[in-house]
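Working through the structure, step by step
Below, each chain spelled out in residue letters.
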Amino acid sequence: MSFVPGQPVIAVVERIEIKKLRHGDNLILGFSIGGGIDQDPGQNPFSEDKTDKGIYVTRISQGGPADEAGLKMGDKIMQVNGWDMTVVTHDEARKKLTKKKEDVVRLLVTRKTLEEAVKHSKGKYPRP
């Protein structure tokens, strides 16, 4: 998916709700992120467009909250609890995800398989 700053983004998204796991004073999501407008997009192994500075899921803890919720490695995070994540720094993204007072994180993510499914289904169903 290509992205031009300041232009509308059209993406096929999935809603994912992750209930944080409480471990003492820590709340655990069970995944790691990479990317951000302050990072080198050429280092992103999940983006075909090497100018894409989005936030991507780089690791999933097996059996953790994110895994249980259906988050996948390589998912691009578009929103966190209603906040736009398409033009944020890596640190801003991390802070939005790890707010202590939020026990649930609601994500909008896009992934290559979602986009491919829509492309393959276009024209296969008659319009009413």
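Residues numbered from 1 in each chain as written. Predicted model: local features only at pLDDT ≥ 70, side-chain atom pairs only at ≥ 80, totals over all residues. Heavy atoms only, no water.

**Section: the confidence of the model for the protein**
A residue-level look at the protein finds 79% of positions with pLDDT of 70 or above and a mean pLDDT of 84. No element of the protein has a lower mean pLDDT than helix α3 (residues 112-121), at 57, and none a higher one than helix α1 (residues 65-69), at 97. (pLDDT = per-residue confidence, 0-100. Helix = DSSP H or I, 4+ residues; strand = E, 2+ residues; numbered from the N terminus.)

**As for the environment of arginine 111**
With respect to the helices and strands, arginine 111 occurs in the loop between β8 (104-110) and α3. On a C-alpha basis, the gap between arginine 111 and valine 12 in space is 7.9 Å, while along the polypeptide they are 99 residues apart. Not counting the four nearest positions on each side in its chain, arginine 111 is found in contact with Glu14, Ile16, Gly70, Leu71, Lys72 and Asp75. A distance of 2.8 Å separates the side chain of arginine 111 from the side chain of glutamate 14, its partner in a polar contact. Among the polar contacts listed, one links the side chain of arginine 111 to the backbone oxygen of glycine 70, at a separation of 3.3 Å. (Contact = heavy atoms within 4.5 Å. Polar contact = N/O pair within 3.5 Å; in protein donor to acceptor, adjacent residues only side chain to side chain.)

**Examining the pairing of strand β6 (residues 76-80)**
Among the 5 residues that make up β6, 4 are buried, leaving the element largely enclosed by the rest of the structure. Looking at chain direction, β6 and β8 are connected through 4 bridges and run antiparallel. Residue pairing for β8: isoleucine 77 is matched across the bridge by valine 109. In this sheet, strand β7 (residues 83-84) lies alongside β6 in antiparallel orientation, the contact comprising 2 bridges. Bridge pairing links valine 80 to tryptophan 83 in β7. In textbook terms, the turn of a hairpin is the stretch between consecutive antiparallel strands, and for β6 and β7 this stretch comprises 2 residues, one of which, asparagine 81, has a positive phi near 50°. (Buried < 20%, exposed > 50% of the residue type's maximum accessible area, 1.4 Å probe, protein only. Pairing = 2+ DSSP bridges.)

**A closer look at the side chain of lysine 20**
Relative to the helices and strands, lysine 20 is located in the loop between β1 (14-19) and β2 (21-23). Buried charged residue lysine 20 carries no salt bridge. Nearest counter-charge: glutamate 102, at 4.9 Å. Within polar-contact distance, the side chain of lysine 20 engages the backbone oxygen of glutamate 102 at 2.9 Å. When residues no more than four places from it in sequence are discounted, the contact partners of lysine 20 are Leu27, Ile28, Leu29, Leu97, Thr98, Lys99, Glu102, Asp103 and Val105. (Lys, Arg positive; Asp, Glu negative; His and termini not counted. Salt bridge = Lys/Arg side-chain N within 4 Å of Asp/Glu carboxyl O.)

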